[in-house]
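A structural walkthrough
Given next are the chains, with one letter for each unit.
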Amino acid sequence: MIEETSLELDNFFATMQNPYPAYAYLREHYPVYWNPMFNCFTLTRYDDVNMVFSDHKRFSSDVWSRAPEMFGFGSDDSSGQYLKQIIPFLAYNLQGMDPPGHTRQRTLMMKTFTPRMIEAFRPTVQKLVDELIDQRLAEGSMDLVADLAYPLPSNVILDLLSIPRSGRPYIRASSEAINEFVATILFTGPQVWPRLAGVFADVTAYLKSLIAERRTHPGEDLLTKMALAEENGDMLSEDEIVIATNFLLFAGHETTANLIGVGSYNLLQNPEQLAQLRDDPTKIPAAVEELLRYVSPVHMLARRSLQEVTMRGVTIPQDSSIYLLVGAANRDPEKFPDPERLDINRPAARSLGFGYGIHFCIGAALARLESQVAFETIIRRLPDLRLVGDTPVFRPNYSLRGLVSLPVGFG
Ligand code: HEM
């Protein structure tokens, strides 16, 4: 029995280091909880989060398109103008859309993101992991987050898109700008918008010229495939490709970095599990699935109720914000017995780590590939891997939960 008095249930940021006791309390006592601090309902049980993922007719993913009006900005004031330039990058990427727009764009995107294309990329991923490890091997120590987990996924995506070295800073900057916008909207707000709007204008101009080039000189890369993807005569527009390219980096970067970074930390804290992987690397794919559940790199997602809904006796009015606490759902004892234990031999049960339903992660195969290659190479090439320094600190990002750094020693 957990004591409520010692728990912080409302302020997500106060529990960044260890949100799990609060999750357990909410799951048991208030599975559908009104959070007055963030003006949202939170869901913590697996079945409830899974149900919302499955029901896009009642629960919308469009949480951004009306933001300018919601924040009280009109198109005639300057802040409203900047907001109008920023919002499309959040509202018109796949994750922020509902059918039919979502269905159309996803069908075209799925034509480019084929399992065969991803698997063919395995040798490139292996090369990138080896290069990052080589850079630190002789030193006998590294920051596993800054030196490996963080640079790997962004290099993989930018290589997949075949973005020249000179253009990479534009895309990195605009992907980070999404993060900055979301993180600061409640605090600094309009102050940073002119700069962020400038970042999005730069990436748009850069990518439009690259798209035009790929349309005339097609390559084998993902950007060419998006530029040429067609379904019944329908194609992605230039603006859609710019937003999608930017979002691929955003969606595939910190998420995968967090799985590798926090996943390595959890393996190091469970040496008997790490030893099993060393003895039998064929267990690595199962370990990645268990780490996905245990870590929940995408820790929280938002939906908006399109009608009044009653869940577990709680009435959620139409147009409410609903936060799906994926990290809590993935540790629901009703679904995963002994959920707080990391167990790479756990019988397979679908976690919600990649979501579910129409928005199920389109990068799942790529994320699995990158994490499997990373863990296999870390275990093979870094003997006696050990934690050094103090308890690592989590970044103040509640949706994408990851470590600031993870100093390790080896050899
Ligand atoms: C461990 C790494 C990853 C995790 C945990 C993860 C998790 C998720 C989750 C939970 C969703 C569902 C969002 C929702 O329902 O609102 C999602 C969607 C998405 N992910 Fe991932 N993701 C990862 C890696 C990637 C990668 C590598 C890419 C691409 C390069 C990617 C691209 C996307 C896209 C485009 C969507 C939106 C799909 C849609 O709305 O139809 N993700 N991801």
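Residues numbered from 1 in each chain as written. Predicted model: local features only at pLDDT ≥ 70, side-chain atom pairs only at ≥ 80, totals over all residues.

Looking only at helices and strands, one finds 18 helices and 12 strands in the protein. The C-alpha atoms of the protein give a radius of gyration of 21 Å, which matches the 22 Å a tight globule of 411 residues would have. For the protein, the spread of C-alpha atoms along the three principal axes comes to 60 × 55 × 40 Å. Contacts in the protein between residues at least 24 apart in sequence constitute 69% of all its contacts with a sequence separation of at least 6. (Helix = DSSP H or I, 4+ residues; strand = E, 2+ residues; numbered from the N terminus. Rg over C-alpha atoms; globule rule 2.2 N^0.38 Å. Contact = placed C-beta atoms within 7 Å.)

Within the open sheet, the three strands sit side by side as β4-β12-β11. Their pairing is antiparallel. If you trace the sheet from one side to the other, it starts and ends with β4 (141-143) and β11 (386-387), each paired once. Direction of pairing for β11 relative to strand β12 (residues 407-409): antiparallel, over a ladder of two bridges. Its bridge partner lying in β12, Leu 387 is registered against Val 408. (Pairing = 2+ DSSP bridges.)

On to the nonpolar core. Among the nonpolar cores identified, the biggest contains 78 residues, and Ile 86, Leu 148, Ala 149, Leu 152, Ala 244 and Ala 374 are the most heavily contacted of them. Here this core takes 14 residues from helix α14 (residues 238-269), the largest share from any one element. With sequence-adjacent residues up to four places away left out, Ala 244 is seen in contact with Asn 93, Met 109, Met 226 and Leu 236. The next biggest cluster of nonpolar side chains, apart from the first, holds 29 residues, and it includes Phe 59, Tyr 323, Leu 324 and Leu 325. (Core = buried A, V, L, I, M, F, W, Y, C linked by C-beta atoms within 7 Å. Buried ≥ 20, exposed ≤ 12 C-beta atoms within 10 Å, placed from the backbone.)

As a further point, take the site of the ligand. Taken together, 24 residues form the shell around the ligand, and within it Gly 252, Gly 355, His 359, Cys 361 and Gly 363 come nearest. Among the elements of the structure, α14 and α18 (364-381) are those that each provide at least two residues to the shell around the ligand. Split by residue class, the shell around the ligand holds 14 nonpolar, nine polar and one charged. (Near = placed C-beta within 6 Å. Nonpolar A, V, L, I, M, F, W, Y, C, P; charged D, E, K, R; others polar.)

An ideal rise of 1.5 Å per residue puts 26 Å on 18 residues; α18 measures up with 25 Å between its terminal C-alpha atoms. Among all positions of α18, only Leu 366, Ala 367, Leu 369, Glu 370, Ser 371, Val 373, Ala 374, Phe 375, Ile 378 and Ile 379 are buried. (Expected span 1.5 Å × (residues − 1).)

Its location among the elements puts Gln 105 in helix α6 (residues 101-112). Residues Gln 105 and Ala 244 lie 139 residues apart in sequence; the distance between their C-alpha atoms is 9.4 Å. Every residue in contact with Gln 105, bar those within four places of it in the chain, is listed here: Leu 94, Met 97 and Glu 240.

Attention now goes to unusual backbone geometry. With omega at 5°, the peptide bond leading from Pro 99 into Pro 100 counts as cis. One non-glycine residue with positive phi stands out, namely Asn 232, at about 50°. Position of Asn 232 relative to the elements: it lies in the loop between β5 (230-231) and β6 (234-235).

Attention now moves to the sheet that holds strand β3 (residues 59-60). Pairing is mixed across the open sheet formed by five strands, whose spatial order is β1-β2-β10-β7-β3. Only two strands of the sheet have a single partner each, and these edge strands are β1 (32-35) and β3. Note: β3 against strand β7 (residues 300-305), two bridges, orientation antiparallel. Within β7, the position partnered with Phe 59 by the bridge is Ser 305.

The next thing to look at is helix α12 (residues 193-216). In a regular helix each residue adds 1.5 Å, so 24 residues correspond to 34 Å; α12 covers 35 Å between its end C-alpha atoms and thus fits that length. Of the residues making up α12, those classed as buried are Trp 193, Leu 196, Val 199, Phe 200, Val 203, Thr 204, Leu 207 and Leu 210. Buried residues along α12 sit in contact with α4 (78-86), α5 (88-91), α11 (168-184), α13 (222-228) and α14.

Let us now look at the packing of helix α8 (residues 122-137) against α18. Packing of α8 against α18 leaves a shortest axis separation of 10 Å and a crossing angle of 40°. Relative to α18, α8 is oriented oblique. Remark: the crossing between α8 and α18 carries right-handed chirality. Touching Arg 122, Val 125, Gln 126, Val 129, Asp 130 and Ile 133 of α8 are Leu 369, Glu 370, Val 373, Ala 374, Thr 377 and Arg 381, all from α18. (Axes fitted to C-alpha atoms, helices over the stretch in contact; angles between N-to-C directions. Parallel < 35°, antiparallel > 145°, perpendicular 65-115°, else oblique. Left-handed = near helix turned anticlockwise from the far one by under 90°.)

A few words on the pairing of β7. Of the pairings in the sheet, the one linking β7 to strand β10 (residues 321-325) comprises five bridges and is antiparallel in character. When the sheet's bridge partners are listed, Ala 302 is paired in β10 with Tyr 323.

Turning our attention to the packing of helix α16 (residues 284-295) against α18. Direction vectors running N to C along α16 and α18 enclose 115°, while the axes themselves pass 10 Å from each other. If you check the angle between α16 and α18, you find them roughly perpendicular. Of the two possible hands of crossing, α16 and α18 adopt the one that is right-handed. On α18, the residues touching Ile 284, Pro 285, Ala 287 and Val 288 of α16 are Arg 368, Ser 371, Gln 372, Phe 375 and Glu 376. Looking at the contact of α16 with α18 residue by residue, the class counts come to five nonpolar, two polar and two charged.

These figures capture arrangement, not role.
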